Amino acid sequence: MTGNFSKRYVIVGMIFVGYTIFFVTHANVGMAVVAMTSSKNITGTDGVIKVIPAEFDWSSIQKGVVIGSFSYGRLMGALLTIHVGRIGGSTAYFFGLISTAIVIISLPFLLNVNFWLFVIGNALSGTFEGISYSSVPQIWSRWAPPDERAKMTSISITGSYFGQIVSFFVGGWILYEWNWEILFYVTGITTLVWCCIWFMVVKNDPADDKWISKAERDYIKEQLATKIEDKKLEYPYKDILTCLPFWITCLGKFSYGFGTTFMMSYLPQYIQDTNNVNIKEIGYLSMIPQICAMIANPPAGYIFDYLRSNKILSLTNIHKLYASIGLFAGTITFLAASLWSNFLFSIICMAIYGLLITCAILQNQIVVLDLAPRYASFMASGALFFYNLACILTPMMIGFIVTSHGRLQWSICFIIFAVQFTTTALIYIKFLSVKLQRWANHNIDEQAAQSLETKSST
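As a starting point, this report considers the structure included with it. Note that the coordinates shown come from a computational prediction; the quantities given were computed from them, not determined experimentally.

## Re the nonpolar core
Most often, soluble globular proteins keep nonpolar side chains buried together rather than apart.
Item 1. With 122 residues, the main nonpolar core has Met36, Trp58, Phe262 and Phe334 as its most contacted residues.
Item 2. Sort the elements by how many residues they give to this core and helix α12 (residues 343-371) lands first, with 15 residues.
Item 3. Residues within four places of Met36 in sequence aside, it is in contact with Ala54, Glu55, Phe56, Trp58, Leu111, Phe118, Trp180 and Phe184.
Item 4. Of all hydrophobic cores here, the second largest spans 5 residues; its members include Val84, Ala92, Val103 and Phe128.

## Brief notes about the pattern of salt bridges
As a working rule, side chains carrying opposite charge can pair if their charged atoms are close by.
Item 1. Evaluation of the coordinates by the stated rule reveals 8 salt bridges.
Item 2. Salt-bridge contacts for Lys7 lead to Asp209; the nearest nitrogen and oxygen are separated by 2.3 Å. Placement of the pair is Lys7 in helix α1 (residues 7-36) and Asp209 in the loop between α6 (180-201) and α7 (214-224), with a sequence separation of 202 residues. Here Lys7 matches Asp209 in class, with each residue buried.
Item 3. Residues Asp370 and Arg308 are paired through a salt bridge, measuring 2.8 Å at the closest nitrogen-oxygen approach. With Asp370 in helix α12 and Arg308 in helix α10 (residues 279-309), this pair connects stretches of sequence that are 62 residues apart. As far as burial versus exposure is concerned, Asp370 and Arg308 are alike and both buried.
Item 4. Connected through shared salt-bridge partners, Arg8, Glu148 and Glu216 make up one network.

## Examining the environment of Ala78
Item 1. Residue position: Ala78 is located in helix α2 (residues 60-80).
Item 2. Take Ala78: its relative accessible area is 1%, and that puts it in the buried class.
Item 3. Placed 52 residues apart in sequence, Ala78 and Gly130 show a C-alpha to C-alpha distance of 5.6 Å.
Item 4. When near neighbours in sequence (up to four residues on either side) are disregarded, Ala78 contacts Ser134, Ser381, Leu384, Phe385 and Asn388.

## A look at α7
Item 1. Buried within α7 we find Glu216, Tyr219, Ile220, Gln223 and Leu224. Burial along α7 is one-sided: seen end-on, the buried residues are contained in an arc of 115°. In α7, the exposed positions angled more than 90 degrees off the buried face are occupied by Lys214, Lys221 and Glu222.

## Some thoughts on the packing of α2 against helix α13 (residues 376-401)
Helix packing geometry: the angle between the two helix axes and the distance between the axes.
Item 1. In contact at an axis separation of 8 Å, α2 and α13 are set at 175° when each is read in the N-to-C sense. As summarised for this structure, α2 and α13 are arranged roughly antiparallel, according to the angle between their axes. In this structure, α2 contributes Ser60, Ile61, Gly64, Ile67, Gly68, Ser71, Tyr72, Arg74, Leu75, Ala78 and Leu79 to the contact, and α13 contributes Ser381, Leu384, Phe385, Tyr387, Asn388, Leu389, Cys391, Ile392, Pro395, Met396, Gly399 and Phe400.
Item 2. Within the contact of α2 with α13, the residues separate by chemical class into 15 nonpolar, 7 polar and 1 charged.

## With respect to the layout of surface pockets
Item 1. Counted as a void, the second largest pocket has a volume near 260 Å³.
Item 2. Lining the second largest pocket are 20 residues, with Val24, Val166, Val186, Thr187 and Thr190 sitting closest to its centre.
Item 3. Listed by contribution, the elements that provide at least two residues to the lining of the second largest pocket are α1, α5 (149-177) and α6.
Item 4. Class assignment of the residues belonging to the lining of the second largest pocket gives a composition of 12 nonpolar, 8 polar and no charged.

## What to know about α2
Item 1. Helix length check: α2 (21 residues) gives 31 Å between terminal C-alpha atoms against 30 Å at 1.5 Å per residue, within 8%.
Item 2. At Gly68, α2 shows its maximal kink, close to 30°.

Reading the values: the criteria
Residues numbered from 1 in each chain as written. Predicted model: local features only at pLDDT ≥ 70, side-chain atom pairs only at ≥ 80, totals over all residues. Heavy atoms only, no water. Core = buried A, V, L, I, M, F, W, Y, C linked by side-chain atoms within 4.5 Å. Buried < 20%, exposed > 50% of the residue type's maximum accessible area, 1.4 Å probe, protein only. Helix = DSSP H or I, 4+ residues; strand = E, 2+ residues; numbered from the N terminus. Contact = heavy atoms within 4.5 Å. Salt bridge = Lys/Arg side-chain N within 4 Å of Asp/Glu carboxyl O. Arc of directions from axis to C-beta. Axes fitted to C-alpha atoms, helices over the stretch in contact; angles between N-to-C directions. Parallel < 35°, antiparallel > 145°, perpendicular 65-115°, else oblique. Nonpolar A, V, L, I, M, F, W, Y, C, P; charged D, E, K, R; others polar. 1 Å grid on protein atoms, 1.4 Å probe; cavity = no way out; pocket = protein on both sides within 12 Å on 5 of 7 lines; lining within 4 Å. Points joined across faces, edges and corners; volume = space filled by probe spheres on them. Expected span 1.5 Å × (residues − 1). Bend = angle between axes of the 7 residues up to and from the residue.

Remember, this is a structural readout, not a statement about activity or role.
Spelled out as structure tokens, the structure:
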């Protein structure tokens, strides 16, 4: 059962849009901060240019607090969803997303009252979004057959890059033509509408979906071999917390969290610091790395599944290959951008980074499903905790280093990124091993467990 119009690929499309919304929300914060704290030139009908001063005179530390608060919230969201497997991925996703929408709509009001209320609200939006984001692996554990995991995941997470493009393009245009309040209202209302669609279309399990064909339901059940109800799920905490591949996955998530945060929240600021361009042009330039990533991601997923299904490489070596490509690309591109301060060359470096880091991100998304599909959400939530930790540390680091908005200060940040990419890549190559964990098999039939382990180890 592999039809292109099957229900599981409808789920792929739904999660694609969900990722788009996640990253529009995240990237909008960085765009809005630039608009809030920058003066604006308006040409009148008489041709006279009028300068409108910045609405908020925030220091670099305050900007870092605002941008970092979203990640503080996602950090908490990851912790709240470690047991999402017991309530179902789709249910948790819906709750998190509708709560996010309500908070986003309230952000302009909160900022007009008090700076710290705005920070708290932004953190809350991150918390609720983190709940939705962390629930996705649990959805895949019920909907994605092993030989289709990379393809389905790669197509859906392309929405994360598309979301950043939408934010930089549409968000930049809204901020240029209107103001930051409108940006939050449009994002929140759009998210509310999407919540209603999600509630009607996506279910926790194929067995709960009345629109799926019997042939597809039986195919997914046979491939995944699950038989236990979510509410009866028990977690082997000791086994998970002593699993070395799990901690390597956390390290990988932590590592590319630095680059992702820079791309989403600080690339607009970097462009403004190194060039005299308006907010709309900043949005257009910031789209380039995201466009490259969006183009590269689906082919990366197809190639991963091809290598896996044809047993060209072992599963462990496929994961090592993909992680190495993405992480070493981060090393080379950020190091090159730090050494050569030419603006155009820096944008090219960021574009190459966006093109290749998709391999590491895709690998990191899939590995928890290969290690222990029944506990994918628990493990993904743990890894997401470290990703959000990096998202918090990045604004703090940039806020303390980039105080005069000079190229040299940005170069120091880039060198730090390059060092941590290299360190993580070497750890992946030396220590990563990917196979279905025996402690993850006790909730499925023994015969099915042996079959899945055989697939995982080849």
